[in-house]
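Architecture at a glance
In case you want the letters, here they are:
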Amino acid sequence: MIGDVVETKQCQLKDAMDLFHSGQVVKICAPMVRYSKLAFRTLVRKYSCDLCYTPMIVAADFVRSTKARDSEFTTNKGDHPLIVQFAAKEAQVLCDAARIICPFADGIDINCGCPQRWAMSEGYGACLMNKPELVQDMVRHIRNQIDNPRFSVSIKIRIHEDLKRTVDLCQKAEATGVSWITVHGRSVEERHQPVHYDAIKIIKQSTSIPIVANGDIKTLKDAENVHHLTGADGIMVARGLLANPAMFAGYEETPLKCIQDWVDIALEHGTPFTCFHHHLIYMMERITSKQEKKIFNVLSSTSAVLDYLKDHY
């Protein structure tokens, strides 16, 4: 079962690849624009999350600009295992970004699934699903130029309408040395349609590297069901963790202790107010009434939020 993570076992695991060979299903916090930053990663790690991703970073900007590096990427000693997700369209640029990040992270992930228009018009994200040779080239470059064999290179994809093309992409990536593949079980066009867990199962059966299932997982029970449906080695969650950062620890809704932890961590990290507040709005969605939301959601300063929490909780 996913929930039965043995504490001592976790302490001995040094990196992401060890997690996938631990016999446990790996519980993963997804790369989320604006949200999966250091403070939030610190929070979910306290509640049984095994592996965290950074938000997607554009590799070319990261390589070119110190300012981009400073604003896009922060980490600390406890922030491991950590995967940095990059958007890239040129193998060498991605490799340069990976070389910069290598001393501070456990691996990189190539975004091959982002369906946003801006990303696809720039040649990033889901564009790469139709360029398996370019994906292979990217993986090969990193494998050849980074001499740390423990540094992982993974890809995150969506699925094609014709699943044979997705299986082909995954097999080509595997042949080039990709460490694992995360599959969001929807096509680029699909947004809120049901997730095709059957497609993830077929991909799992067609490859021999770890496969991570992603899409519409909101509780630990969902995670266990998806693991049984697909045979996936890991479960990646985005919105489910935003709504309940303690989800992987088995809580049905965000416990007050977790809200208190978020306040402490966010203040300690100097989290900007908008981000601090947005996370609380997500976390408290299920535990506040309509009337309370009306008041809480328009608060406009950290002190107002802290006062509100003290008075009501």
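Residues numbered from 1 in each chain as written. Predicted model: local features only at pLDDT ≥ 70, side-chain atom pairs only at ≥ 80, totals over all residues. Heavy atoms only, no water.

Quick note on the threshold: UniProt positions are given in the numbering used here, feature names are shortened, and annotations may be inferred rather than shown by experiment.
With an unreviewed UniProt entry as reference, the chain is termed tRNA-dihydrouridine(20a/20b) synthase [NAD(P)+]-like, source organism Dryobates pubescens. The heading Function (unreviewed entry) in the UniProt record of the chain holds the text "Catalyzes the synthesis of dihydrouridine, a modified base found in the D-loop of most tRNAs." Per UniProt, the chain has the following entry under Cofactor (unreviewed entry): "FMN".

**So, the UniProt feature "active site" (unreviewed entry) in the chain**
How we decide: Here a helix means four or more residues in a row that DSSP labels H or I, a strand means two or more in a row labelled E, and each is numbered from the N terminus. Remark: exposure states derive from per-residue accessible area (1.4 Å probe, protein chains only) relative to the maximum for the residue type, with buried under 20%, exposed over 50%, and partly exposed in between. Contacts are assigned to residue pairs with any non-hydrogen atoms lying within 4.5 Å of each other.
The UniProt record marks Cys114 with the feature "active site" (unreviewed entry), using the residue numbering of this structure. In this fold, cysteine 114 is placed in the loop between strand S5 (107-112) and helix H7 (117-121). By relative accessible area, which is 9% here, cysteine 114 ends up buried. Discounting chain neighbours no more than four positions away, the residues touching cysteine 114 are Ala119, Met120, Gly125 and Ala126.

**Thoughts on the packing of helix H6 (residues 91-101) against helix H8 (residues 132-145)**
Put simply, the rule is: To obtain an axis, a line is fitted to C-alpha atoms, over the contacting stretch when the element is a helix, and the angle between two such axes runs from 0 to 180 degrees between their N-to-C directions. Relative orientations are named as follows: roughly parallel for angles under 35 degrees, roughly antiparallel for angles over 145 degrees, roughly perpendicular for angles from 65 to 115 degrees, and oblique for any other angle. Should the near helix be turned anticlockwise from the far one by less than a right angle, the crossing is termed left-handed; should it be turned clockwise, right-handed. Polarity classes work like this: nonpolar for Ala, Val, Leu, Ile, Met, Phe, Trp, Tyr, Cys and Pro, charged for Asp, Glu, Lys and Arg, and polar for all others, with Gly in that last group.
The geometry of H6 relative to H8 is characterised by a closest axis approach of 9 Å and an angle of 40° between their N-to-C directions. With respect to their mutual orientation, H6 and H8 come out oblique. As H6 runs across H8, the sense of the crossing is right-handed. Contacts from Ala91, Gln92, Leu94, Cys95, Ala98 and Arg99 in H6 reach Asp137, Met138, His141, Ile142 and Gln145 in H8. Residue classes in the contact of H6 with H8 are distributed as 6 nonpolar, 3 polar and 2 charged.

**Re the domain arrangement of the chain**
Worth spelling out the cut-off: Source of the domain bounds: an automatic or database domain assignment. Here's the idea: put two parts together, see how much 1.4 Å probe accessible area each one loses, and the total over both is what we call buried area. By definition here, a salt bridge exists when the distance from a side-chain nitrogen of Lys or Arg to a carboxyl oxygen of Asp or Glu is within 4 Å. Side-chain atoms alone can form a polar contact between residues adjacent in sequence; in general such a contact is a pair of N or O atoms within 3.5 Å, and within protein one must be able to donate a hydrogen while the other accepts it.
What the domain assignment reports for the chain is domain 1 (16-248) and domain 2 (256-312). If you average the C-alpha positions of domain 1 and of domain 2, the two centres end up 29 Å apart. Of the roughly 1300 Å² buried between domain 1 and domain 2 on both sides combined, carbon and sulfur atoms contribute 66%. Together, Tyr35, Ala39 and Leu43 form the three largest contributors to the area buried by domain 1 at its contact with domain 2, with a combined 36%. Summed over the shared surface of domain 1 and domain 2, the result is 1 salt bridge. In this structure, the salt-bridge partner of aspartate 261 is lysine 46, at a minimum N-O distance of 3.9 Å. Counting every contact that joins domain 1 to domain 2 gives 4 residue pairs in polar contact (both at pLDDT 80 or more).

**Here's the deal with unusual backbone geometry**
A cis amide bond links histidine 80 to the next residue, proline 81, at an omega of -10°. Here serine 48, not a glycine, exhibits a phi torsion of approximately 70°, which is positive. Within the secondary structure layout, serine 48 lies in the loop between helix H3 (38-46) and strand S2 (51-53).

**Focus on the environment of alanine 68**
Structurally, the position occupied by alanine 68 is in helix H5 (residues 66-72). Assessed through its relative accessible area of 13%, alanine 68 is described here as buried. As a C-alpha pair, alanine 68 and isoleucine 57 span 11 residues in sequence and 9.0 Å in three-dimensional space. Setting aside chain neighbours within four positions, we find alanine 68 in contact with Asp61, Phe62 and Phe73.

**Some words on the pairing of S5**
For the record, the criterion: Pairing between strands is defined by DSSP: at least two bridges between them are needed.
With 6 of 6 residues buried, S5 is to be regarded as a mostly interior element. Side-chain alternation along S5 places Gly107, Asp109 and Asn111 on one buried face and Ile108, Ile110 and Cys112 on a second face that is also buried. The pairing of strand S4 (residues 82-87) with S5 spans 4 bridges and is parallel. Among the inter-strand pairings, isoleucine 83 is bridged to a residue of S5, identified as glycine 107.

**Describing the nonpolar core**
What counts here: The nonpolar core is taken to be a set of buried Ala, Val, Leu, Ile, Met, Phe, Trp, Tyr and Cys residues, with the residues joined through side-chain atoms within 4.5 Å.
Phe86, Ile110 and Ile181 are the most contacted members of the largest nonpolar core, which has 87 residues in total. Here isoleucine 181 is in contact with Ile155, Ile157, Cys170, Ala173, Ile209, Pro210, Ile211 and Val212, once residues within four sequence places are set aside. Formed by 13 residues, the second largest nonpolar core is a distinct cluster that contains Ala16, Leu51, Tyr53 and Met236.

**Overview of the confidence of the model for the chain**
What counts is decided by this rule: Summary of the metric used: pLDDT quantifies the predictor's per-residue confidence within the range 0 to 100.
Summarising the model, the chain shows a mean pLDDT of 94, and 96% of its residues fall at 70 or more. Throughout residues 1-13 the model reports pLDDT below 50, and contacts reaching past four residues in sequence, or to other chains, amount to 22 contacts.

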